[in-house]
Amino acid sequence: MLRFLSAGESHGKALIGVVEGMVAGVKLNEEEINAELRLRKKVWGRGLRSSIEDDRVEILSGVIDGRTIGAPIAFKIENKEKKFEHITIPRPGHADLAGAIKYNFKNIHFVAERASARNTAMRVTIGTVARKFLSEFRVDFFSHTLMIGGIKATVRLSDFDEETKKQRVESNLYCLDKKAIIKMKEKIKEAEQKGDTLGGICEIRIKGLPPGIGSYVHYDRRLDYRLAGSLMSIPSVKAVEIGEGFLGPWMFGSKYHDALNYDGQIKHETNNAGGIEGGVTNGEVVFLRLYVKPIPTLRNPLPSIDLRTLKSVKAPYIRSDICVVPSVGIIGEAVAAWEIACSFLEKFGGDTLNETKRNFNSYLENIKCY
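Our focus in this paragraph is the sheet that holds strand S7 (residues 140-148). Here we have 5 strands laid out as an open sheet, ordered S8-S7-S9-S15-S10, and antiparallel in their pairing. The open sheet is flanked by strand S8 (151-152) and strand S10 (237-242), the only strands paired with a single partner. Relative to strand S15 (residues 286-292), strand S9 (residues 200-207) is paired through 7 bridges, and the arrangement is antiparallel. Across the sheet, residue Ile 201 finds its bridge partner in S15, namely Tyr 291. The sheet contacts of helix H10 (residues 325-348) involve S7, S9, S10 and S15, and relative to S7 the element is tilted by about 145°.

As structure tokens, then:
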């Protein structure tokens, strides 16, 4: 069984992660993880904290000579900025109030430290392990920005390659529509001037998955269940769409569902299901959309209540980002990779990469008639 634990606070000594159950023999090094961490933080609209922190991972155990050894893998990302504050005024939209009530904290800082999106740096680290494993089976991931603050990109992808990934990075907003990028940046500047923030939509595409990953036999083994729940755990994500899920309620079933044909192999004529039917991959590209709310920490803050006095006050302003939509896409890739790797290993098993590959190739041989 593949599982992970993470620990650490936003301004504590470090973020810590432990991965258990990864097969032996997967190539893994710190620089590959650091490259994903850089993608997470170096985008237009991020705040000062992203430039302060190096976000460089250290592999502490479980990897020898550049390959996993089947033992637990431990990671550390040290925090440069370490501080402790006493805060009694919750910020609307954060976990501040709910967390303080739940744990009977008088200091909201205790909540903010662990609820912070800073912890997604370790989620990206852990997810990169899963991506490296899945890349051995030619499974690949790509995210891009579809909308920020109502400004929509007109580019729609059916496939992606290394050139597409290069174009994404060059845009600073991970958007493939050059005209939309200009307007998105103008919108972000407007929000910054107003002391406000912006949300939007990012899309994740996953190719190379064979049919049969996940299961319909019980709810918690359905891949759509696992993906949607895990992606919703990313701070600021308020909705997850699989395929054209939000379009379905407006269409006749005859127009929405993906008809089948046979041309030496069974294929779907469309992919409105987003590559998953009945909780199981169907061999098409899996695509997901994440709907991201605006960051709730505002330089022009909303009304709140001081928990000491119960008097109305303005929420505190703690340095924040203006827009994190592109970063959420990168985080989402890692989170989705983890869940897919879990389902992948449940099906193909093995203690080593070679053993898993044998099981995988045997399965492909069995289904080639389809």
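Among the surface-exposed residues, Leu 97, Ile 101, Ile 305, Leu 307 and Leu 310 lie close enough to one another that they form a single nonpolar patch of about 460 Å² accessible area. Of note, Leu 97 is situated in helix H3 (residues 96-103). Given the relative accessible area of 40%, Leu 97 is considered partly exposed.

So, on to helix H11 (residues 353-367). Owing to its 3.6 residues per turn, the α-helix aligns residues three or four sequence positions apart on the same side. For H11, spanning 15 residues, the distance from its first C-alpha to its last is 21 Å, which sits close to the expected 21 Å at 1.5 Å a residue. Of the residues making up H11, those classed as buried are Leu 353, Thr 356, Phe 360 and Tyr 363. Taken down its axis, H11 places every buried residue within 90° of arc, on the same side. When the buried face of H11 is taken as reference, the exposed residues oriented beyond 90 degrees from it are Asn 354, Arg 358 and Asn 366.

Before going further, it helps to examine the packing of helix H1 (residues 30-41) against H10. Axis separation between H1 and H10 bottoms out at 7 Å; the angle between their running directions is 150°. Put simply, H1 runs roughly antiparallel to H10. Between H1, through Glu 36, Leu 39, Arg 40 and Lys 41, and H10, the contact on the second element is made entirely by Ser 327, Ile 330 and Ile 331.

What follows covers the packing of aromatic side chains. The final tally for this structure, using the stated rule, is 15 aromatic pairs. Where Phe 246 meets Tyr 291, the ring centres are 5.0 Å apart and the plane angle is 45°; that geometry is what we call tilted. You can see Phe 246 sitting in the loop between S10 and helix H9 (253-256) and its partner Tyr 291 sitting in strand S15, a full 45 residues away along the chain. Accessibility expressed as a relative area gives 40% for Phe 246, which makes it partly exposed. One aromatic cluster is present, formed by Phe 133, Phe 137, Phe 344, Phe 348, Phe 360 and Tyr 363 through successive ring pairs. Across the ring face of Tyr 174, the terminal group of Arg 168 is positioned such that the distance to the ring centre comes to 5.6 Å. The ring of Phe 287 carries the charged tip of Arg 205 above its face, separated from the ring centre by 4.5 Å.

Before going further, it helps to examine the nonpolar core. Judged by nonpolar contacts, the single largest core of 74 residues is most densely connected at Met 22, Phe 75, Phe 133, Leu 134, Ile 206, Leu 290 and Phe 344. The element that contributes the greatest number of residues to this core is H10, accounting for 14 residues.

Our focus in this paragraph is the pattern of salt bridges. Scanning the entire structure with this criterion turns up 26 salt bridges. With its nearest N and O atoms 3.7 Å apart, the salt bridge here joins Glu 31 to Arg 56. One end of the pair, Glu 31, is in helix H1; the other, Arg 56, is in the loop between helix H2 (49-52) and strand S3 (57-61), with 25 residues separating them in the sequence. Here Glu 31 falls in the partly exposed class, since its relative accessible area comes to 38%. Residue Arg 56 is classed as partly exposed on the basis of its relative accessible area, which comes to 48%. For Glu 190, the salt bridge is made with Lys 194, and the minimal N-O distance between the two is 2.9 Å. Here the residue Glu 190 and the residue Lys 194 both occupy positions in helix H7 (residues 178-194), the gap between them amounting to 4 residues, near one helical turn. Members of the salt-bridge network, linked through shared partners, are Glu 203, Arg 205, Glu 241, Glu 244 and Arg 289.

So, how was this worked out
Note on numbering: residues in each chain are counted from 1, in written sequence order. Confidence filtering applies because this is a predicted model: local features only for residues at pLDDT of at least 70, side-chain atom pairs given and counted only at 80 or more, and all residues used for totals across whole chains, interfaces and linings. Here the side-chain values reflect all heavy atoms present in the structure, with hydrogen atoms and water set aside. Strand pairing is assigned whenever DSSP detects at least two bridges linking the two strands. Where helices and strands are cited, they refer to DSSP runs of H or I of at least four residues and of E of at least two residues respectively, numbered from the N terminus. Any pair of residues with heavy atoms lying within 4.5 Å of one another is described as a contacting pair. Only the contacting stretch of a helix is used when fitting its axis, a line to C-alpha atoms as for every element, and angles between N-to-C directions run 0 to 180 degrees. Like charges are joined within 9 Å and nonpolar side chains (Val, Leu, Ile, Met, Phe, Trp, Tyr) within 5 Å, but only among residues with over 30% relative accessible area and no salt bridge; these make up the patches. For the accessible areas, the method is Shrake-Rupley and the probe is 1.4 Å, while residue cover comes only from the protein chains on display. Salt bridges are identified by distance alone: a Lys or Arg side-chain nitrogen within 4 Å of an Asp or Glu carboxyl oxygen. Each residue gets one of three labels from its accessible area relative to the maximum for its type: buried under 20%, exposed over 50%, partly exposed in between, using a 1.4 Å probe on protein chains only. To estimate the expected span of a helix, subtract one from its residue number and multiply by 1.5 Å. This arc describes the spread of directions from the helix axis toward the C-beta atoms. Should an angle lie under 35 degrees it is considered roughly parallel, over 145 roughly antiparallel, and from 65 to 115 roughly perpendicular; all remaining angles are considered oblique. Only the six-membered ring of Trp is used, alongside the rings of Phe and Tyr, when aromatic pairs are assigned; centres must lie within 6.5 Å, and planes under 30 degrees apart are stacked while those over 60 apart are edge-to-face, with the rest tilted. Look at NZ for Lys and CZ for Arg. If either is within 6 Å of the ring centre and within 35 degrees of the ring normal, a charge sits over the ring. Nonpolar core, defined: a set of buried Ala, Val, Leu, Ile, Met, Phe, Trp, Tyr and Cys residues in which side-chain atoms within 4.5 Å join the residues together.

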